[in-house]
Amino acid sequence: MAQDVLLDYDDIKRVATTMENKFTDIASELKQLETTVSALLKDGLVFEQSSPALEQAYQAFSKQMNESSANIKVFAQSFTDIVKTMTDSDGQIAAGVRSSSNG
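Residues numbered from 1 in each chain as written. Predicted model: local features only at pLDDT ≥ 70, side-chain atom pairs only at ≥ 80, totals over all residues. Heavy atoms only, no water.

*Asks:* What is the right way to look at the overall build of the protein chain in this model?
*Replies:* Assigned secondary structure in the protein chain consists of two helices and zero strands. The C-alpha radius of gyration of the protein chain comes to 24 Å, more than 25% above the 13 Å expected for a compact globule of 103 residues. Overall size of the protein chain, expressed as C-alpha extent along the three principal axes, is 85 × 25 × 20 Å. Counting across all 103 residues of the protein chain, residues that qualify as buried make up 14%. For the protein chain, contacts bridging at least 24 residues in sequence account for 79% of all contacts bridging at least 6. In the protein chain, 9 side chains carry a positive charge and 15 a negative one; their mean positions are 5 Å apart. (Helix = DSSP H or I, 4+ residues; strand = E, 2+ residues; numbered from the N terminus. Rg over C-alpha atoms; globule rule 2.2 N^0.38 Å. Buried < 20%, exposed > 50% of the residue type's maximum accessible area, 1.4 Å probe, protein only. Contact = heavy atoms within 4.5 Å. Lys, Arg positive; Asp, Glu negative; His and termini not counted. Charge placed at Lys NZ, Arg CZ, Asp CG, Glu CD.)

Below you can see the structure in the form of structure tokens.
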């Protein structure tokens, strides 16, 4: 018989935690990069018109990256919610079976 559902709660929780931690790392790295690029465009790659345009473009790119990377946290929360929902459902099924068995 094929196995239609398999849930390894510990593995799901582990992956969700890893994703949350990586999101924090990514957010920090993106902020550092934005600061580094901004400093470069003020002190090491300076053009009257191009540098402000490059900085504005990089800030828009950085914003998009931050918004996209935030989805990592959303997925992690989804995995955590699945564990909670399935655990609660399992408990409800068990309670229903016990209730109907006791007549």
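*Asks:* Looking at this model, I keep getting lost on the side chain of Glu55. Mind explaining?
*Replies:* Along the chain, Glu55 falls in helix H2 (residues 50–101). Within the structure, the side chain of Glu55 is placed 2.7 Å from the side chain of Ser38, a separation counted as a polar contact. Residues in contact with Glu55, not counting those within four places in the same chain, are Ser38, Leu41 and Lys42. (Polar contact = N/O pair within 3.5 Å; in protein donor to acceptor, adjacent residues only side chain to side chain.)

*Asks:* Sorry, what's going on with the environment of Ala76 here?
*Replies:* Position of Ala76 relative to the elements: it lies in helix H2. Owing to a relative accessible area of 0%, Ala76 belongs among the buried residues under this scheme. Not counting residues up to four positions away in its chain, the partners in contact with Ala76 are Ala16, Met19 and Glu20.

*Asks:* I'm lost on the pattern of salt bridges in this one. Help?
*Replies:* Any two side chains of opposite charge can pair, on the condition that their charged atoms come close. Using the criterion set out here, one finds four salt bridges in the structure. Among the ionic pairs, Asp11 bridges to Arg14, the shortest N-O distance being 2.4 Å. Highlighted residues: Asp11 and Arg14, both in helix H1 (residues 9–43), separated by three residues, approximately one helical turn. Note on Asp11: relative accessible area 34%, which makes it partly exposed. The partly exposed category is assigned to Arg14, whose relative accessible area is 49%. In this structure, the salt-bridge partner of Lys63 is Glu67, at a minimum N-O distance of 3.8 Å. One end of the pair is Lys63 and the other is Glu67, both in helix H2 and four residues apart, which spans about a single turn. Residue class for Lys63 comes out exposed when judged on its relative accessible area of 52%. Under the relative-accessibility criterion, Glu67 is labelled partly exposed at 47%. (Salt bridge = Lys/Arg side-chain N within 4 Å of Asp/Glu carboxyl O.)

*Asks:* Would you explain the packing of H1 against H2 in this entry?
*Replies:* What describes two packed helices is the angle between their axes and the distance between those same axes. Between H1 and H2, whose axes approach to 9 Å, the crossing angle comes to 170°. Between H1 and H2, the angle is such that the two are roughly antiparallel. Here the residues of the contact of H1 with H2 are counted per class, giving 22 nonpolar, eight polar and six charged. (Axes fitted to C-alpha atoms, helices over the stretch in contact; angles between N-to-C directions. Parallel < 35°, antiparallel > 145°, perpendicular 65-115°, else oblique. Nonpolar A, V, L, I, M, F, W, Y, C, P; charged D, E, K, R; others polar.)

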